[in-house]
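A look at the structure
Next come the chains, spelled out residue by residue.
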Amino acid sequence: MLSRNGGFSRLALSALAIGLLMGCSSGGDKAATGSPSGTTTTSSDPKPAGGGTRPQPTAPVVTASGDSIKVGIVASLSGDNKPWGDDSYEGAKLAVKEINDKGGIQGKKIELIVQDDASTAQGAKTAADKLLSQGVLTIIGEVSSSCTIQIANSAFEKNVPVVAIGATKTDLTDIGANVFRVCYSDAFQGPVMAKFAYEELGLRNVALMTDNKQAYSQGLSASFKTSFESLGGKIVDEQKYDTGQTQFGGQLTELKSKNPDGIFMSGYFTEVGPIAQQARAAGINAKFLGGDGWDSEKLLDSGGTAIVGGFFCNHYNNKESRPIVKEFLTKWGKAHNGQAPTTTMGALGYDAAALALDAISRAAKLDSGAIIKALDSTTNFHGVSGDITLQGQNGTPLKQALVVEVRPRSEGFQVFRKAYSPDQVK
Amino acid sequence: MKFLATRVLSILAAIGFSFLVQKLAEGQDSFTQQLLVLASLYVTLSVSLNLINGITGQFSIGHAAFYQVGAYAAAYCGTAFYPNWHGSPVVWLLLMLVVGGIVAAIAGFIVGLPSLRLKGDYLAVVTMGFGEIVRIVVQNQKVLGESGGLSVHPHLQQIWVVVLLAILCIALCRNLQITAHGLPFLAVREDEVASAAMGVNVTKTKVIAFVLGSGFAGAAGAAYALQLGAINPDLFRMDQSFIILTMVVLGGTGSVTGSVLAALLLFYIPEKMRDLSDVRLSVLVSILISVGFAVAAVRYVINNVHKPIKVRAAYYAGITAVTAVVITILGKILQLVPAFQTSVEGGKLRLVVFAGVLIVLMLIRPEGIFAHHEFSWDWLLSPLKKKRTKLPGVSA
Amino acid sequence: MLDLAPHLLAGLEISTLPQQLVTGLLIGTIYALVALGYTMVYGVLKLINFAHGEVFMLGAYAALLISWSLGYTPGNSLEHGSWMALILMLIGAMIVCALIGMIIERLAYRPMRNQARIASLITAIGVSLFLQYGGQIFLLNGTPQNIDPKVSPFYSSDPTVGNIQLTIKGPNKELLAKADQMSSLVDKAKTDYEAELKLEGGDEFNLQPKGKELRDLYRKEQRDLESAKNDANKGAILVNLPKGQVFMLGSVLIIMVGLTWLVMFTRQGRAMRAVSLDFDSASLMGINVNAVVTFTFALGSSLAGAGAMMAATFQSGTKIDTFFGVLPGVKAFVAAVLGGIGNIPGAVLGGILMGLAENLVVWAGYGGYKDAIAFVILIAILLFKPGGLLGSAKVEKV
């Protein structure tokens, strides 16, 4: 189509050379979008979330137009994270419906636009760009950190706030002052479990089971390891597996020979269940511990009796007596044939959307910049997963974490054992 | 003189075109820009894979590995050296394209070597395995951020760079096809033994194809990393390789034009599906059934009706019309069944439709959209001329 | 720079090796079953059936739904397993997979038979993606599920009942006796702690300092006991065989004997071998080639169904979702190539080697590279023996 008779190599070389020259001359003004992304990712030492100042977005703000307020949500409606994505979207829908039934905000209805990211970071980037091009004032999502990084970067360039749902990666909110979340970070969750294991269970030799395919799991294991060792405990072994693995005999045989009195399984419930069963079958008697990735009643199906008596860290508990939890469960049940959400992401999705809508109603003007300010000044927002304060927290709320014990369905799946407030784990 | 002038003109045209695209895109929203970048990257990837698979006739299905190698090379260099870089970010981007390209080319050389011993499916398996090994090794490296990946500095999107890269890749492959430089590649594809007998250095040719193809994939990877700002191993899974391979085969193995068009098409369909609102299950099922029968009908016409193209075109139009009617009626009927009354979010259908289009296209045109042909103006002009003029040069 | 050898200095634990080999053998049998499907289809059609992993996935779903319909539903499952349920699930999964395999062949592969092989490969990829993502809409909404392990009559939450324990070399008796003496210490610490717990109100998560002290002492005694037992077991060679997986191994052996008989000693098998040897000549000899291909697909797919049912049932709690077949599919495919694709004993050998290799990698301390080892071995084999271990190395030059 181009030169029909040129030597290709010379064509290639000269084009590159010219490109370089032009790049030099025009580089300065077109240096474009350079947004600060999070620092290099695997910091094994968990630093307090949002230490220091976060970069401020500088792009012009997005203003509401038309007679509705557009709010976007990026969710994993397909792919590996579908169970969490579905729940988070359903939760957000509930929150939006509630506001719309009350007549919307300033007489305007809320329009919730959903984009699927197929559980991939690339999908999240295109989904976020699509939402931004549709003029959303706020983006809710995502459940996973790698997806949220992309959403946060895109939204930073457009000065639009992001309210992440379940992204617990510690330095996530350092991306920019537009990034918020409704969950705690791994830098909190890991130490909570370490403290609980060391002080309340009296464990000293703990082994780690890490899902090598999940950044969440790798981060949580690392943060647990650091705090458990600093308390004086010993990590006797770390075994790795990949999401989707079904036979854990190999790793468990090795763990057994190291004789741990506790096993910290930082992955998701879909793998934790079979690991627990296979561990008991292999004759391992250690206590099982884990993070919020365990939270689904399905854990009792896949983990059987083996997982009962395990402890994990959770955002909230379906059985809590706070009225807002009951209210939420009633509302959810109405929309879903009387069932409760299968994962915590239902409640967190609801909280993220409700928090965003609350900020929109508090914002001085209906534009994205004012909403960022309103979000940043949130104090004591009553969420299903607990009270959320974002003021002065650089995007990660001060929230308590609950340690719950896994019990059979007849006792209500998870039974509250101990609550940790942020200042208890410093 | 004319020779030189044409060449300079084409280079200028390519660069001019890239900047034109950049200028046009600047007025657009970020979604459109993102699509443009990804489309250009996929064009580069599919055309560079076509160089290995189509033009040289090797069977590589692990192209995402080279893409990943390039991306991680750029990301790692950015973390390690960019803080001390005092030049313009754009120059850094171009430098990273070269670095990513070279690192991936070395990887391509390593994979190209076994290709001397292996053919066909076996080579395919080795390249696939290589892809997985790269992903798993990266996933286990602390310095490469394990499965959390790396943040890339600088985070930089330059549309003209990726467009130019795509053009460069297209130009290289096109020129290979029509110049003496490319003859060994085509010869190796057609018959290895015969070409060896004619004095072609088969080994060298294959390795060059691998090195060039993977080099371009690596450069694309570097550009991808910089424009995305953060990368992780999940972006380069095996299905990514499959998608690139599909683009090549769907476009027509060996046809550069086909690769370009198929890349754009396969990329465009799922993205377009984003705008789809909820779809009723009844409609979905009726589409599934009707399209199945329509494909069967089209295949029947292709295989059994030997009439002029105009008559066949009328048949196809008829089938399309009937299918549309059947979908509507069937959808209405199924709507009466309670089980089919639920609806599905359009977003969830993206990859299903992608797979469906793939199967349907392969069933009705297995040789690919363009088969071995290339785009030429003659085709457009042919109705105006009485006789088709044959193109000079070697045709693919 | 590469973190390739974090554990090299830690030394290798010889005592766990036998257990690892046994586990590897058991998982290898599943790979072998799936690999047979790849190998037979390749043998007959020279087609890499990339959708085979998805047939495996659908087999697991079939077994799941059958187990539900028999009353083993999540939440209120029957308490006791039954042979009947196992057999129904196995046969059901095999039949469903056979049908699906036949449908895929008829609709997606047969029309492509005269086209370039790469075209059928792309169609296979399309079918595979279609089933994975379409399944997320049509199959239980794509939510991960699992078969209740209680469906198996061998299942027990008590490891001493659920396992066959083999003692190849007993533990050090002297050390064991010493450890046994320690158990009285543990009991004493336990009584002390429990008494204090009662005194403090029974909330074991909010203990007073004294309670904590006693509990920590109790835990310490427990740890000491366990580590003493561990020391006693250091030189011992003990192997745990989950009964369900022994049953699985037995079934796989029976299936393989049946398959060998079918392929070697029946008319249909002879036809298959003929088609595999030379497609065109076979059709000239009056063999109904289409029937043979359909039969091959049905047979291969039903083996995948059997493998899926066993993988999902006997590896307690295994997650079933629409991507269930991806990993086993790829590994089994590699196993087939490893053994020599198109070669039936080769597939079995390849599958078992694959299972062993994976567990040896974990044993050596490189668990993170478990999925990579398959490909490393594969590349090594192909470079030095391109036809696979048992395959005839055909040099494809004129």
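Residue positions are counted from 1 within each chain, in the order its sequence is given. Whichever chain is written first becomes A and whichever ligand is written first becomes 1, with later ones labelled in order. Thresholds applied to this predicted model are a pLDDT of at least 70 for local features of residues and 80 or more for the giving and counting of side-chain atom pairs; totals over whole chains, interfaces and linings are not thresholded and use all residues.

**Digging into the overall build of chain A**
When its secondary structure is counted, chain A shows 12 helices and 14 strands. Between the buried cut of 20 or more and the exposed cut of 12 or fewer other C-beta atoms within 10 Å of a residue's own C-beta lies the partly exposed class, and all C-beta atoms are placed from the backbone. Relative to its full complement of 426 residues, chain A shows a buried share of 64%. Contact between residues is assigned whenever the C-beta positions, reconstructed from backbone atoms, fall within 7 Å. A fraction of 70% describes how many contacts in chain A between residues 6 or more apart in sequence connect residues 24 or more apart. Where helices and strands are cited, they refer to DSSP runs of H or I of at least four residues and of E of at least two residues respectively, numbered from the N terminus.

**Concerning the overall build of chain C**
Of the regular secondary structure elements, chain C holds 14 helices and two strands. Along the three orthogonal principal directions, the C-alpha set of chain C runs to about 90 × 50 × 45 Å. Counting only residues that meet the buried cut, chain C has 51% of its 398 residues in that class. Excluding contacts between residues fewer than 6 apart, the proportion of contacts in chain C whose partners are at least 24 apart in sequence is 79%.

**Digging into the domain arrangement of chain A**
Residue and element names in this part refer to chain A. In terms of domains, chain A is made up of domain 1 (68-184 + 322-395) and domain 2 (187-314 + 403-424). Using only C-alpha atoms to locate each centre, domain 1 and domain 2 end up separated by 28 Å. Contact with domain 1, which involves 11 residues of that partner, is made by 13 residues of domain 2. Partitioned by chemical class, the residues of the side of domain 1 that touches domain 2 number one nonpolar, eight polar and two charged. What marks off one domain from the next here is an automatic or database domain assignment. Ten residue types, Ala, Val, Leu, Ile, Met, Phe, Trp, Tyr, Cys and Pro, are classed as nonpolar, four, Asp, Glu, Lys and Arg, as charged, and the remainder, Gly among them, as polar.

**With respect to the sheet that holds strand S13 (residues 401-406) of chain A**
Residue and element names in this part refer to chain A. The pairing criterion for strands is at least two bridges between them, as found by DSSP. Taken in spatial order, the seven strands line up as S7-S6-S8-S9-S10-S13-S14 in an open sheet, and their pairing is mixed. Each edge of the open sheet carries a strand with a single partner, namely strand S7 (234-241) and strand S14 (414-420). Geometrically, the sheet is characterised by an average inter-axis angle of 25 degrees between neighbouring strands, direction not taken into account. Bridge analysis of strand S9 (residues 287-290) against strand S10 (residues 311-314) gives two bridges, and the strand direction is parallel. Following the sheet pairing, Gly 290 is matched in S10 by Phe 312. In this analysis, axes come from line fits to C-alpha atoms, helices being fitted only over the stretch in contact, and the angle between any two N-to-C directions falls in the range 0 to 180 degrees.

**Here's the deal with the sheet that holds strand S4 (residues 162-164) of chain A**
Neighbouring strands of a sheet are bound in pairs by backbone hydrogen bonds; such pairs are parallel or else antiparallel. Residues and elements named next belong to chain A. Spatially, five strands are ordered S2-S1-S3-S4-S5 in an open sheet, and the strand pairing comes out parallel. The open sheet has two free edges, formed respectively by strand S2 (109-116) and strand S5 (179-181), since each of these has just one partner strand. Strand-to-strand twist across the sheet, computed as the mean angle between neighbouring axes with direction ignored, equals 25 degrees. Both strand S3 (residues 138-140) and S4 contribute to a ladder of two bridges, which runs parallel. Each residue of the ladder has a partner; that of Ile 140, found in S4, is Val 163.

**Here's the deal with the environment of Lys331(C)**
You can see Lys331(C) is positioned in helix H12 (residues 326-339). Other than its neighbours up to four places away in sequence, Lys331(C) contacts Tyr31(C), Met354(C) and Ala374(C).

**Focus: the domain arrangement of chain C**
As a measure of interface size, the accessible area lost when the parts come together is often cited. Under the domain assignment used here, chain C contains domain 1 (14-159 + 241-384) and domain 2 (171-235). Here domain 1 of chain C and domain 2 of chain C have C-alpha centroids that lie 46 Å from each other.

**A word on the interface of chain C and chain A**
The interface is formed by 48 residues belonging to chain C together with 44 residues belonging to chain A. Of all elements in the fold, only helix H1 (17-45), helix H4 (117-138), helix H5 (159-162), helix H7 (209-233), strand S2 (237-242), H12 and helix H13 (344-363) of chain C reach the threshold of two or more residues within the side of chain C that touches chain A. No other element matches H7(C), which puts eight residues into the side of chain C that touches chain A. Broken down by class, the residue content of the side of chain C that touches chain A amounts to 14 nonpolar, 24 polar and 10 charged.

**Observations regarding the pairing of strand S6 (residues 205-211) of chain A**
Residues and elements named next belong to chain A. Burial analysis of S6 places six of its seven residues in the buried class, the great majority of the element. Pairing geometry for S6 and S7, over seven bridges, is parallel. When the bridges of S7 are listed, Asp 211 appears paired with Tyr 241. A right-handed crossover is one whose linking path, passing over the helix from the first strand to the second, runs clockwise when the strands point away from the viewer. Read as a crossover between parallel neighbours, the route from S6 over helix H6 (residues 215-231) to S7 is right-handed. Where S6 and strand S8 (residues 262-265) come together, four bridges link them in parallel fashion. Counterpart to Met 209 in the pairing with S8 is Met 265.

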